[in-house]
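Structure at a glance
So you can see what is in the structure, the chains are spelled out below.
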Amino acid sequence: MSDPRKLFIKTYGCQMNVYDSERMAEAMGGAGYVETDSPDDADMILLNTCHIREKAAEKVYSELGRFRALKDQNPDLKIGVAGCVAQAEGEEIMRRQPLVDLVVGPQSYHRLPQMEARTRNGEKALDTDFPLDDKFETLKSRGPKARRGPTAFLTVQEGCDKFCAFCVVPYTRGAEASRPAARILDEARELVDRGVREITLLGQNVNAYHGAGPDGADWSLARLIRELDRIDGLLRIRFTTSHPNDMSDDLIDAHGTCDKLMPYLHLPVQSGSDRILKRMNRKHTAEEYIRLIERIRAARPDILMSGDFIVGFPEETDADFQATMDLIEEVKYGYAYSFKYSTRPGTPAAEREQLPEDVKTDRLHRLQERITHHQRAIQDAMVGRTVGVLFEKTGRLPGQMVGKSDYLHAVHVADCDRQPGDLAQVEITESGSNSLAGRLVS
Ligand code: 5AD
Ligand code: SF4
């Protein structure tokens, strides 16, 4: 038998791309490929790209240019572009970069093995359709299942119907679609059999999940979580990313009553100014968002909040920006991701008059300074508390293990006799620059 071909995948962007890359690797496993961690000896290179912010496409072109030498050495090397840049600019990529053999959009990944076969016949393959079939069902590898690490992502919902004025997701990932609950439960059980202890449910608008349930009814995300909660061997459940307007009462209630659902919630608000929220088409006010968080904290008082912010959105004044700073003071995020607004072709806000770059930069720095302050304070306040830690791997020092707390902080534990996948109670003794340290509580 000939050696298996080697596949190198480089993943950009969000956790859903990480999940998609894993599924593509498994599907290509069925087509005789094994994954390699270097492009140098690969027979196929796939870039799984992200289009959410500026310069993504340019990055892809410069990365592709670097593969020219590899293709010169190995004319059989196939180069593919997947992900959201592929969806948005597929034909342009094919035109501009003759090195590319294959372009596949996020909704067509299940067709990748057939597309690869076509490239082996010397053809080019492009597929950026939005087919209706369940790509994850088709992507499932039928072969032996490799053991997995303790944490995994699981996509339950894709696409978005919200059309925030800055965002490309509704165009690149398409309309909202939820996978049937039974398939998700099957996949979760299989992950647990393979060693997974913590599952993060993924969706661009995950809390809008409404998949067909095995009982014929539409299941909400809360219903799905309650069912996952019953899987023996699964210890933790998380989900991301949520829109405030889809934070239903049953999901808030699940945060208070579902033991495996972790006390961490990523709930982007983008801005604290009602004027800007309206122009962003977010369909809620800052006050409504703050009241929502109060209700969530009433259900689960220790929940750690995380958020996303955009500064320098068109028409954002100093007063608007100050409203965002005020909101941050009120909510106190344990984690937050902040970005300068960048124009995305085809989105409504791209047509509007843009703010000067230096204004955006200044606001971003000021915002990040306050966010870091709160993040630090919340992390430091963990010292003295006893928290659950799921160990993921050995640390750099002998006998040390590293894992994540219930609140998603990295935690180092010395003299630790536990294995990856073990969940233990740890008393936090120290707060370092990016992680906590603690000791096992017997
Ligand atoms: N410019 C800057 N940030 C953006 N995001 C989405 N689109 C843009 C854009 N055009 C940010 C939002 C979103 C996160 C995933 O990326 O904060 O929540
Ligand atoms: Fe984009 Fe999220 Fe708004 Fe949907 S809800 S358009 S994914 S920012």
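Residues numbered from 1 in each chain as written. Chains lettered and ligands numbered in written order. Predicted model: local features only at pLDDT ≥ 70, side-chain atom pairs only at ≥ 80, totals over all residues. Heavy atoms only, no water.

Summed over all chains, the structure comprises 1 cavity of 30 Å³ or more. Considered as a void within the structure, the largest cavity measures approximately 120 Å³ in volume. What lines the largest cavity is a set of 10 residues, and nearest its centre among them are Arg23, Glu26, Glu187, Glu190 and Arg194. If you list the elements that add at least two residues to the lining of the largest cavity, you get helix H1 (15–29) and helix H8 (181–193). (1 Å grid on protein atoms, 1.4 Å probe; cavity = no way out; pocket = protein on both sides within 12 Å on 5 of 7 lines; lining within 4 Å. Points joined across faces, edges and corners; volume = space filled by probe spheres on them. Helix = DSSP H or I, 4+ residues; strand = E, 2+ residues; numbered from the N terminus.)

Moving on: the sheet that holds strand S17 (residues 386–394). Spatially, S17-S18-S19-S21-S20 is the arrangement adopted by the 5 strands of the closed barrel, whose pairing is mixed. Sheet twist, expressed as the average angle between the axes of neighbouring strands with direction ignored, equals 50°. Two strands pair when backbone bridges link them, and S17 and strand S20 (residues 423–431) are joined in this way by 5 bridges, in the antiparallel orientation. Each residue of the ladder has a partner; that of Leu390, found in S20, is Leu423. (Pairing = 2+ DSSP bridges. Axes fitted to C-alpha atoms, helices over the stretch in contact; angles between N-to-C directions.)

A word on the UniProt feature "domain: Radical SAM core" (unreviewed entry) in the protein chain. Per the UniProt entry, the sites bearing "domain: Radical SAM core" (unreviewed entry) are residues 146–377 in this numbering. Between the end C-alpha atoms of residues 146–377 the distance is 40 Å, and the span holds 38% helix and 18% strand. (UniProt positions renumbered as here; feature names shortened; annotations may be inferred.)

Another aspect to go through is the site of ligand 1. Close to ligand 1 lie Ile52, Arg53, Phe166, Gln270, Asp308, Ile310, Phe339, Lys340, Tyr341, Ser342 and Arg344, which account for all nearby residues. Within the contact set of ligand 1, an oxygen atom lies 2.7 Å away from a side-chain nitrogen or oxygen of Arg53. The backbone of Phe166 places a nitrogen or oxygen atom 3.0 Å from a nitrogen atom of ligand 1. Surface burial for ligand 1 is 87%, taken as the share of its 400 Å² of free accessible area covered by protein chains. Of all the secondary-structure elements, those providing two or more residues to the shell around ligand 1 are strand S15 (304–311) and strand S16 (335–340). Its residues assigned to classes, the shell around ligand 1 comprises 5 nonpolar, 2 polar and 4 charged. (Near = heavy atom within 4 Å. Polar contact = N/O pair within 3.5 Å; in protein donor to acceptor, adjacent residues only side chain to side chain. Areas by Shrake-Rupley, 256 points an atom, 1.4 Å probe, with all protein chains shown as cover. Nonpolar A, V, L, I, M, F, W, Y, C, P; charged D, E, K, R; others polar.)

In this section: the domain arrangement of the protein chain. Each domain of the protein chain was delimited in the assignment, giving domain 1 (5–127), domain 2 (135–380) and domain 3 (386–440). Taking only C-alpha atoms, the centre of domain 2 and the centre of domain 3 are 26 Å apart. Contact residues are listed per partner, giving 16 residues for domain 2 and 20 residues for domain 3. Taken together, both faces of the contact between domain 2 and domain 3 bury some 1400 Å²; the carbon and sulfur share is 56%. Looking only at domain 2, the three residues that lose the most surface to domain 3 are Pro150, Arg236 and Gln379, adding up to 39% of its buried area. Counting every contact that joins domain 2 to domain 3 gives 1 salt bridge. Where Arg236 meets Asp406, a salt bridge forms, and the shortest distance between an N and an O atom there is 2.7 Å. The tally of links from domain 2 across to domain 3 stands at 15 residue pairs in polar contact (both at pLDDT 80 or more). Every element with two or more residues in the side of domain 2 that touches domain 3 is listed here: strand S13 (236–240) and helix H14 (357–380). Top element by residues in the side of domain 2 that touches domain 3 is H14. It accounts for 3 residues. A breakdown of the residues in the side of domain 2 that touches domain 3 according to their chemical character gives 7 nonpolar, 2 polar and 7 charged. (Domains from an automatic or database assignment. Contact = heavy atoms within 4.5 Å. Buried area = accessible area lost by both parts, 1.4 Å probe. Salt bridge = Lys/Arg side-chain N within 4 Å of Asp/Glu carboxyl O.)

This part takes up the packing of aromatic side chains. Scanning all chains against the criterion turns up 5 aromatic pairs. Seen from their ring centres, Phe166 and Phe313 are 6.3 Å apart, and the 85° between their planes marks the pair as edge-to-face. Of this pair, Phe166 sits in the loop between strand S8 (157–158) and helix H7 (169–172) while Phe313 is found in the loop between S15 and helix H13 (318–331), placing the two residues 147 residues apart along the sequence. Given the relative accessible area of 10%, Phe166 is considered buried. Between the NZ or CZ atom of Arg96 and the centre of the ring of Tyr61, over which it lies, the distance is 3.6 Å. The ring of Trp219 has Arg223 sitting right over it, with the charged end atom 4.1 Å from the ring centre. (Phe/Tyr/Trp six-rings, centres within 6.5 Å; stacked < 30°, edge-to-face > 60°. Buried < 20%, exposed > 50% of the residue type's maximum accessible area, 1.4 Å probe, protein only. Lys NZ or Arg CZ within 6 Å of the ring centre and 35° of its normal.)

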